[in-house]
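# Structural overview
Given next are the chains, with one letter for each unit.
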Amino acid sequence: MLGLKLPTDPRWVNIVEMNIDDILSDHAFCEQKAASTAISLIVSFPEYTELVQEMIALVKEEISHFKLVHDKIIARGNALGYDRKDEYVNKLLKFFPKGGSRTTQLVHRLLYAALIEARSCERFRLLSQELKDADLRTFYHNLMVSEANHYTMFLRFARKYGNEDEVNSKWQNLLEFEAEIMKNLSVQQSIHG
């Protein structure tokens with residue numbers, strides 16, 4: 001369903017198990033960044049009313065996910081750690097050239113967001129199936145469902161606002177690029193790395 005070209009190495013869950021507190025902090029910041037992305041799309045493209053409405057709802061949902069993860073961190077007797085750079089996202093954002101028309105910029109941002117949500121969904125599915133902690137398995141199962149909805153929403157908007165054939169071609173090319181990135185990741189204690 002997600003169309004990802006390279007699945008996450010299942011051994012990544014072993015890294016998560018050994019570093020769950022770091023993973024939870026990284027995850028919290030991923031949720032905060034997702035909310036920030038939605039706000040940025042509102043600010044950058046206010047003339048797209050349907051997109052703005054959906055992004056308003058997404059901001060609320062992502063910040064509620066941030067709170068859920070933060071609550072898990074507190075329940076484990078920890079405090080939120082510091083944000084770290086997301087190597088996966090930084091590499092991914094180099095795929096499309098800078099500039100172009102407003103529509104092109106919007107489509108590229110929507111495709112990036114769709115892919116990040118798709119990878120998060122895939123990772124959450126893995127965690128929901130493989131983590132030893134039953135509470136965290138349930139937690140990640142519930143988040144996985146939301147991420148799948150986000151992925152499809154971003155992709156739908158990209159196809160709506162751009163030329164569908166071009167968008168589909170760009171999407172496939174981006175998926176291939178992302179697979180190359182993933183070959184060198186899945187070894188770090190982060191949601192995407």
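Reference entry: report on the structure contained in this document. Within any chain, residue numbers begin from 1 and follow the written order of that chain's sequence. Local features are withheld for residues below a pLDDT of 70 in this predicted model, meaning they are given only at 70 or higher, and side-chain atom pairs are given and counted only at 80 or more; totals for whole chains, interfaces and linings count all residues. Only hydrogens and water are set aside when side-chain values are computed; all heavy atoms of the structure are taken into account.

### Some remarks on the packing of helix α2 (residues 20-44) against helix α6 (residues 134-161)
Axis lines are fitted through C-alpha atoms, for helices just across the contact stretch, and the angle between N-to-C directions can take any value from 0 to 180 degrees. Under the DSSP-based scheme used, a helix requires at least four consecutive residues in state H or I and a strand at least two consecutive residues in state E, with every element numbered from the N terminus. Taken N-terminus to C-terminus, the directions of α2 and α6 make an angle of 25 degrees; their axes are 14 Å apart at the nearest point. Classified by the interaxial angle, the pair formed by α2 and α6 is roughly parallel. Our pair here, α2 against α6, has a crossing hand that is left-handed. Contact with α2, carried on its side by Ile20, Ile23, Leu24, His27, Glu31 and Leu41, involves Leu136, Phe139, Tyr140, Leu143, Glu147 and Phe154 of α6 and no other residues of that element. Residues are grouped as follows: nonpolar covers Ala, Val, Leu, Ile, Met, Phe, Trp, Tyr, Cys and Pro; charged covers Asp, Glu, Lys and Arg; every other residue, Gly included, is treated as polar. Looking at the contact of α2 with α6 residue by residue, the class counts come to nine nonpolar, one polar and two charged. Here roughly perpendicular refers to angles of 65 to 115 degrees, roughly parallel to angles under 35, roughly antiparallel to angles over 145, and oblique to all remaining angles. Two helices crossing with the near one rotated counterclockwise from the far one by less than a right angle form a left-handed crossing, whereas a clockwise rotation gives a right-handed crossing. Should any heavy atoms of two residues lie within 4.5 Å, those residues are counted as being in contact.

### Focus: the pattern of salt bridges
Definition used for salt bridges: Asp or Glu carboxyl oxygen within 4 Å of a side-chain nitrogen of Lys or Arg. Tallying each qualifying case throughout the model produces 13 salt bridges. In this structure, the salt-bridge partner of arginine 76 is aspartate 21, at a minimum N-O distance of 2.9 Å. Taken together, the positions of arginine 76 in the loop between α3 (49-75) and α4 (87-92) and aspartate 21 in helix α2 put the pair 55 residues apart, joining distant regions of the chain. The salt bridge partner of glutamate 122 is arginine 119, with a shortest N-O separation of 3.0 Å.

### Looking at the side chain of histidine 150
By the element assignment, histidine 150 lies in helix α6. Judged by its relative accessible area of 4%, histidine 150 is buried. A polar side-chain atom of histidine 150 sits 3.2 Å from a polar atom in the side chain of glutamate 61. Sequence-distant contacts of histidine 150, defined by excluding residues within four places in its chain, comprise Leu58, Glu61, Glu62, His65 and Glu117. Working definition: with a 1.4 Å probe on protein chains only, accessible area under 20% of the residue-type maximum means buried, over 50% means exposed, and in between means partly exposed. For the purposes of these results, a polar contact is taken to be a pair of N or O atoms within 3.5 Å, where, inside protein, one atom must be able to donate a hydrogen and its partner to accept one; residues adjacent in sequence count only when each atom of the pair is a side-chain atom.

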